[in-house]
There are 2 protein chains.
Amino acid sequence: MISISRETDYACRVILHLGMLPVGQRVTAQEIARQRIVPRALIRRVVTRLGAAKLVTTTRGSGGGLALARPASEISLRDVVEAMEGAIALNTCVIYPRECPLVKACPVHEAWTNARVALVRELSQATFDKLAARGQMLGA
Amino acid sequence: MISISRETDYACRVILHLGMLPVGQRVTAQEIARQRIVPRALIRRVVTRLGAAKLVTTTRGSGGGLALARPASEISLRDVVEAMEGAIALNTCVIYPRECPLVKACPVHEAWTNARVALVRELSQATFDKLAARGQMLGA
DNA sequence: TACAATGAGACTAGAATAGTATCATTTGGA
DNA sequence: TCCAAATGATACTATTCTAGTCTCATTGTA
C-alpha cells in the first residue's frame, strides 16, 4: 500500500491541534498526545522533527511547550509530509534521475512527474487554517 | 521518501515493453529482463503478480512467454501500481477509516481523500498506449 | 523424452517502522 | 537554591518490508 508513515499522521495531528488554538498559545506535547491519541514516547520524536523543519517553535522547562512557528494559513499538508518523510517522489527517478539507467528514453518518467505535480498541488492547497476551521465545525 | 517500491518500477517496465510490441506478440520474461535491466530472478515474481492481476497472460513451456491481457489503451499506471502495491491510500485512514479513532471529526481525513483522488486520476490517465507511443518517439 | 519457459515459495541481508526507555538540558517557581 | 516540568538527543527492541538469490515443480513444444 502506498502510504505515509504513522509518524507523519501523528505530525498532522500535532499541527492541527496547534492550529485550532488561539494564536500564540503554547501547549505541551504531552497534552496533545493525550487529546489526539498519540503514543507519549513517540510524540517527542515527532515534535523534534517539526521543530527542525521550523514548523513549530518549542520552549523548554516548566511552563514550556510548543506553538506554530508561523500562521496556520502558511502551513500545508505538503509542508508536514515533507518535514516527516522527505521528498514526495512517487518514484525514485523523479528525485534522482541519474540513478535510473533508462531515464533518458523513459516515457514513464514523465508520467510520474505529472502525477507528482498533481499530488503536491493538492497537498499544498490543504492549509491548516482551512483544516482547523473545518475541525471547529466538526467539533474535533 | 514517499515512493513506490522498485518492484513496481520493474512492473512498469514489463508492461511498457509489452505495449511497444506488435499486438499479440509474446516475449519471454528473460528477454524483458535483459533489455530493461531488471534482475533476472526478480522478474519472475513481478510477472506472477501481473498475471494474478490479469494484466498479462502467460504461457508456459518452450515458445511461451507473456503478452498483455488487454489492449495497452486499457492498462494504466494506476492498474500496475495497484496490482503491485495494493491500494493507493496515501494514509491508512482513507482505506480503513474504522481503524482511526479520530476519523469521525477529522478534517485531515478529507484532505487525504482529495489528494488521493487527484493522484489516482493522474495515474489513470497515463495509459500504456500513450506511454508506448512516446517510448517509440524516444527510441526506448 | 528433452528442453524451455513459467509457478511457487524458501531463504538471506539489510533497512524501515513503531514503539519504549533513558539521561541530559533548560526553565520557572516554591 | 533546589525541585519539578518540559524538551533534546539517542539508544534499544521487535516486527515488517525490501531487494535480491536460489531451488524445485509444473507445463508445453518439438
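One can find the structure itself at the top, above this paragraph.
Summarised in this report is the structure supplied together with it. (Residues numbered from 1 in each chain as written. Chains lettered and ligands numbered in written order. Predicted model: local features only at pLDDT ≥ 70, side-chain atom pairs only at ≥ 80, totals over all residues. Heavy atoms only, no water.)

Things to note about the protein's contact with DNA strand D
Test applied: Proximity is defined per residue: any heavy atom of the residue falling within 4 Å of a molecule or strand makes that residue near it. Whenever two N or O atoms come within 3.5 Å, that pair is a polar contact, provided that in protein one can donate a hydrogen and the other can accept it, and provided that, for residues adjacent in sequence, both atoms are side-chain atoms. Numbering goes from the N terminus for both helices and strands, where a helix is a DSSP run of H or I of at least four residues and a strand is a run of E of at least two. Gly counts as polar in this scheme, as do all residues outside two lists: the nonpolar Ala, Val, Leu, Ile, Met, Phe, Trp, Tyr, Cys and Pro, and the charged Asp, Glu, Lys and Arg.
Neighbouring residues of DNA strand D: 23 residues in total, closest Ala 29, Thr 58 and Arg 60 of chain A together with Arg 45 and Arg 60 of chain B. Between DNA strand D and the protein, one listed contact pairs a phosphate oxygen with a side-chain N or O atom of Arg 44 of chain A at 3.2 Å. Among the secondary structure elements, those contributing two or more residues to the surface near DNA strand D are helix H3 (40-52), strand E2 (56-59) and strand E3 (65-68) of chain A together with helix H1 (6-19) and helix H3 (40-52) of chain B. Split into classes, the residues belonging to the surface near DNA strand D amount to six nonpolar, 10 polar and seven charged.

Topic: the protein's contact with DNA strand C
DNA strand C sits among 24 residues. The nearest are Arg 45 and Arg 60 of chain A together with Ala 29, Thr 58 and Arg 60 of chain B. Those atoms of DNA strand C that come within 4 Å of the protein belong to sugar or phosphate at a rate of 66%. Those elements that provide at least two residues to the surface near DNA strand C are helix H1 (6-19) and H3 of chain A together with H3, strand E2 (56-59) and strand E3 (65-68) of chain B. Here the surface near DNA strand C gets four residues from one element, more than from any other, and that element is H3 of chain B. By residue class, the composition of the surface near DNA strand C is seven nonpolar, 10 polar and seven charged.

What about the interface of chain B and chain A?
What counts here: Any two residues whose heavy atoms approach within 4.5 Å are treated as being in contact. Accessible area that two parts lose when put together, evaluated with a 1.4 Å probe and summed over both, is termed the buried area. Just to be clear on terms, a salt bridge is a Lys or Arg side-chain nitrogen sitting within 4 Å of an Asp or Glu carboxyl oxygen.
Taken together, the contact between chain B and chain A spans 43 residues of the former and 43 residues of the latter. For the pair chain B and chain A, the two sides together bury roughly 3,900 Å², of which 73% comes from carbon and sulfur. If you sort the residues of chain B by the area they bury against chain A, Met 1, Ile 2 and Pro 107 of chain B come out on top, with a joint share of 19%. Seen at the junction of chain B and chain A, the total is two salt bridges. The partner of Arg 134 of chain A in a salt bridge is Glu 110 of chain B, with the nearest N and O atoms 2.5 Å apart. At the boundary of chain B and chain A, one finds 16 residue pairs in polar contact (both at pLDDT 80 or more). Looking at the side of chain B that touches chain A, the elements that each hand over two or more residues are strand E1 (2-3), H1, helix H4 (77-85), strand E4 (88-90), helix H5 (92-95), helix H6 (107-125) and helix H7 (128-138) of chain B.

Some details on the pairing of E2 of chain A
All names here are of chain A. So the rule is basically this: One requirement defines pairing of two strands: DSSP has to find at least two bridges between them.
Of the strand pairs in this sheet, E2 and E3 are connected by four bridges, and their pairing is antiparallel. When the sheet's bridge partners are listed, Thr 59 is paired in E3 with Gly 65. Linking E2 back to E3 in an antiparallel pair, the connection comprises five residues, with Gly 61 at a positive phi of about 80 degrees.

With respect to unusual backbone geometry
Under the convention used in this document: Partly exposed describes any residue whose relative accessible area lies between the buried limit of under 20% and the exposed limit of over 50%, with all areas from a 1.4 Å probe on protein chains only and scaled to the type maximum.
Within the chain, Ile 37 of chain A stands out as a residue other than glycine whose phi angle is a positive 60 degrees. Residue placement: Ile 37 of chain A occurs in the loop between helix H2 (29-36) and H3. We classify Ile 37 of chain A as partly exposed; its relative accessible area is 45%. Look at Lys 54 of chain B: it is not a glycine, yet its phi comes out positive at around 60 degrees. The exposure class of Lys 54 of chain B is exposed, given its relative accessible area of 63%.

Observations concerning the pattern of salt bridges
Residues and elements named next belong to chain B. Applying the stated rule across the entire model yields 12 salt bridges over all chains. Here Asp 9 makes a salt bridge to Arg 13, at a shortest N to O gap of 2.8 Å. Taken as a pair, Asp 9 and Arg 13 lie in helix H1 at a separation of four residues, close to a single helical turn. The exposure class of Arg 13 is buried, given its relative accessible area of 10%. Residues Glu 82 and Arg 78 are paired through a salt bridge, measuring 3.2 Å at the closest nitrogen-oxygen approach. With a gap of four residues between them, Glu 82 and Arg 78 both fall in helix H4, about one helical turn apart. Under the relative-accessibility criterion, Glu 82 is labelled partly exposed at 27%.

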